[in-house]
Amino acid sequence: MIVFAFLLIALVVVVAGVTLAVAGGGSEAVLPEAEPDRLSDALPENRPVVRADIDELRLPVAPRGYRMADVDDVLERLAAELAERDARIAELTAAAAPADASVDLTKGAEQ
């Protein structure tokens, strides 16, 4: 009977300790708020992004994964650069198209 009472008291103490640890002591914060990590090796601002920049890029990890703001910033930058490159490719392709159209392809078919 004494062993049962001891185990019951130990169980109550453990459950109370876990409850207090999870609850965090009520309105008081147990730990101070930590300053979130920031992206330290951002993409270069003074030149276009190259493959090596992407390979070296390391996004800071937050408690539940990556920091959404940093990931959004990187994706917006890459999307803008890709759109700019696509526009330049379309511009160069359009400029080269009239030169290709001036070649008469029917001359080879007549012979």
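Conventions adopted
- Residues numbered from 1 in each chain as written.
- Predicted model: local features only at pLDDT ≥ 70, side-chain atom pairs only at ≥ 80, totals over all residues.
- Heavy atoms only, no water.
- Helix = DSSP H or I, 4+ residues; strand = E, 2+ residues; numbered from the N terminus.
- Buried < 20%, exposed > 50% of the residue type's maximum accessible area, 1.4 Å probe, protein only.
- Contact = heavy atoms within 4.5 Å.
- Salt bridge = Lys/Arg side-chain N within 4 Å of Asp/Glu carboxyl O.
- pLDDT = per-residue confidence, 0-100.

Trainee: Honestly, the overall build of the protein in this entry has me stumped. Any pointers?
Mentor: Regarding its fold elements, the protein presents four helices and two strands. Taken from the N to the C terminus, the helices and strands of the protein come in the order α-α-β-β-α-α. For the protein, the proportion of its 111 residues judged to be buried stands at 11%. Considering only contacts within the protein whose residues lie at least 6 apart along the sequence, 48% involve residues at least 24 apart.

Trainee: How should I be thinking about the pattern of salt bridges in this particular structure?
Mentor: Side chains that differ in charge, positive against negative, can pair when their charged atoms come close. Taken as a whole, this structure holds six salt bridges when the rule is applied. Taking the shortest distance from any N to any O, the salt bridge between R47 and D53 comes out at 2.8 Å. Judged by relative accessible area, which is 38%, R47 ranks as partly exposed. Residue class for D53 comes out buried when judged on its relative accessible area of 12%. E81 is the salt-bridge partner of R77, the closest N and O atoms lying 2.8 Å from each other. Taken as a pair, R77 and E81 lie in helix α3 (residues 68–101) at a separation of four residues, close to a single helical turn. In this structure R77 comes out as buried when scored by relative accessible area, which is 18%.

Trainee: Help me understand the confidence of the model for the protein in this model?
Mentor: Interpreting fine coordinate detail is not advised for predicted regions of low pLDDT. Confidence along the protein averages 77 in pLDDT terms, with 71% of residues attaining 70 or more. Here helix α4 (residues 106–110) is the element of the protein with the lowest mean pLDDT, 54, and helix α1 (residues 2–23) is the one with the highest, 87.

Trainee: When you look at the environment of L78 in this model, what are you seeing that I'm missing?
Mentor: Tracing the backbone through its elements, the reader meets L78 in helix α3. A C-alpha to C-alpha distance of 9.3 Å links L78 and L43, two positions 35 residues apart in sequence. When neighbours within four sequence positions are excluded, L78 is seen to be in contact with L43, V49 and I54.

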